[in-house]
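Commentary on secondary and tertiary structure
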Amino acid sequence: MKTVAVVGASLAGLSAARALRRQGYDGRLVVIGDEPHRPYDRPPLSKDFLAGKVGEGDLTLEAEDEDLAAEWLLGVPATGLDPTARAVRLADGRTVPADGFVIATGATARTLPASSGISSGRGGPSSSGSPESPGGRPLAGVHTLRTLDDARALRADLARGGRLVVIGGGFIGAEVASTAYALGLDVTVVEAAPTPLAGPLGESMGGYVSALHADHGVRLLCGVGVQGLQGLHGLRGLSGGDRVTAVLLTDGRTLPADTVVVGVGARPNVEWLAGAGIALDNGVTCGADGRTSVAGVVAVGDCANWFDPAAGVHRRVEHWTGALERPAAAVAALLSGGTAAPGPVRPPYFWSDQYGVRIQFAGHAAGADRVTVEEGAVADRNFLAVYRRSGKPVAVLGLNQPRLFMRWRKQLTAAGS
């Protein structure tokens, strides 16, 4: 291959570029990113960066002396991929011809569903499903958190203090709630499901972990949806337009709010691949080595739905370690034309820091028929739990148990869970 284009300039794209060079590729390397920023670390955005403990310079993923001999096309989204012409189309009209392609376009934070409305404070919710006032202007004080620019805007609003409502009790929402609590805000978390984190952790453990909110006086409202947002025109201190003042719940309650964070998951960025002939299903459908349905194209990171041979299903793994580790296998498949044998893929691993507690999880909770606490006590928020299916360990959860957790994680990897 004379040219390889990596579409996506976050951790997965950077990891792919590094893997290309480490595996001996010495041709032209083009890295395309829709954000204007060089690759940066996302996990701190909801924690230390949001709290003002680290600056933007601390987020960089590249070493000072790192040189991948790549061409960086930043601040310009990809709008299409033509497998026949072997080229990526960009939003500014340019095309980037290449022999091989790595799709690493990540995911975008979901917003409120279309059924949610926005009220101006002078009547009921409108039919708008986006965080805008009835006049179509953005509703100030409503945030999602996915990018550095998102975090900048949210950090400025949290500095105002007051009341924060977090819509969504997943890990991002919980981390934002924890950070805002430490900053002195009055925080409420609204979760539509009966138990937060039940998807990744299971019902029982999800309930125990989400109890951290109540431990610190943060209100957690479960099993209730959001009907809409309420705004008031021309609040003092604003340059004009509407600012959010409340969150309207489906059970009729109204939660006063000075700032709102919508943390209801993310959707893979694959719309730009429409018409490219690449199989799409909850992201880019891939084999166990990241290859797509089109030769010479692999996918990695949050947008990639890889096949899991152990489970016999496709999984889209939206975790930092997946974006760091899996690109090496995908690049090997790309450079070898698919002849390289895919190496073992470690079980998904992620961590979260909430209210001073380090939460670590590895494996898959789905399908486990038993969960046992092996060390510590749930009531102390200091324990290690093992998930088993038919007696075989398939996942492990640790709260403030880093050493024991890492030993169990190695066991899961060795067992191929």
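Quick look at the structure, then. The structure displayed is predicted, hence computed values, not measured ones.

Turning to helix H2 (residues 148-158), a few remarks are in order. Listed as buried for H2 are Leu148, Ala151, Leu154, Asp157 and Leu158. Of the surrounding secondary structure, the elements contacted by the buried residues of H2 are strand E10 (142-143), strand E11 (163-167), helix H3 (171-182), strand E15 (242-249) and strand E17 (259-262).

Let us now look at empty space enclosed by the protein. In the structure shown here, the tally under the stated rule is one cavity of 30 Å³ or more. Taken as a whole, the largest cavity holds about 50 Å³ of empty space. Considering the residues around the largest cavity, the lining is formed by Val300, Gly301, Ala304, Trp306, Val317, Gly322, Ala323 and Arg326. For the lining of the largest cavity, the secondary structure elements donating two or more residues are strand E21 (304-308) and helix H6 (320-336). Per-element tally for the lining of the largest cavity: the top contributor is H6, with three residues. Broken down by class, the residue content of the lining of the largest cavity amounts to five nonpolar, two polar and one charged.

What follows deals with the packing of aromatic side chains. Enumeration over the complete set of coordinates arrives at seven aromatic pairs. Summarising the aromatic geometry, the rings of tyrosine 349 and phenylalanine 405 are spaced 5.7 Å apart at their centres and angled 40° between planes, so their arrangement reads as tilted. Here phenylalanine 405 lies in helix H7 (residues 402-415) and tyrosine 349 lies in strand E23 (residues 349-354), a separation of 56 residues in the sequence. Residue class for phenylalanine 405 comes out buried when judged on its relative accessible area of 0%. Linked through ring pairs, Phe171, Phe350, Phe361 and Tyr387 together constitute an aromatic cluster.

A separate point is the pattern of salt bridges. With the rule as written, the count across this model stands at 20 salt bridges. With a shortest N-O distance of 2.9 Å, aspartate 149 and arginine 152 are connected by a salt bridge. Residue aspartate 149 and its partner arginine 152 are both found in helix H2; the two are separated by three residues, about one turn of the helix. Classification of arginine 152 by relative accessible area gives partly exposed; the value is 33%. One network of salt bridges, with partners in common, ties together Glu56, Asp149 and Arg152.

Calculation rules
Residues numbered from 1 in each chain as written. Predicted model: local features only at pLDDT ≥ 70, side-chain atom pairs only at ≥ 80, totals over all residues. Heavy atoms only, no water. Buried < 20%, exposed > 50% of the residue type's maximum accessible area, 1.4 Å probe, protein only. Helix = DSSP H or I, 4+ residues; strand = E, 2+ residues; numbered from the N terminus. Contact = heavy atoms within 4.5 Å. 1 Å grid on protein atoms, 1.4 Å probe; cavity = no way out; pocket = protein on both sides within 12 Å on 5 of 7 lines; lining within 4 Å. Points joined across faces, edges and corners; volume = space filled by probe spheres on them. Nonpolar A, V, L, I, M, F, W, Y, C, P; charged D, E, K, R; others polar. Phe/Tyr/Trp six-rings, centres within 6.5 Å; stacked < 30°, edge-to-face > 60°. Salt bridge = Lys/Arg side-chain N within 4 Å of Asp/Glu carboxyl O.

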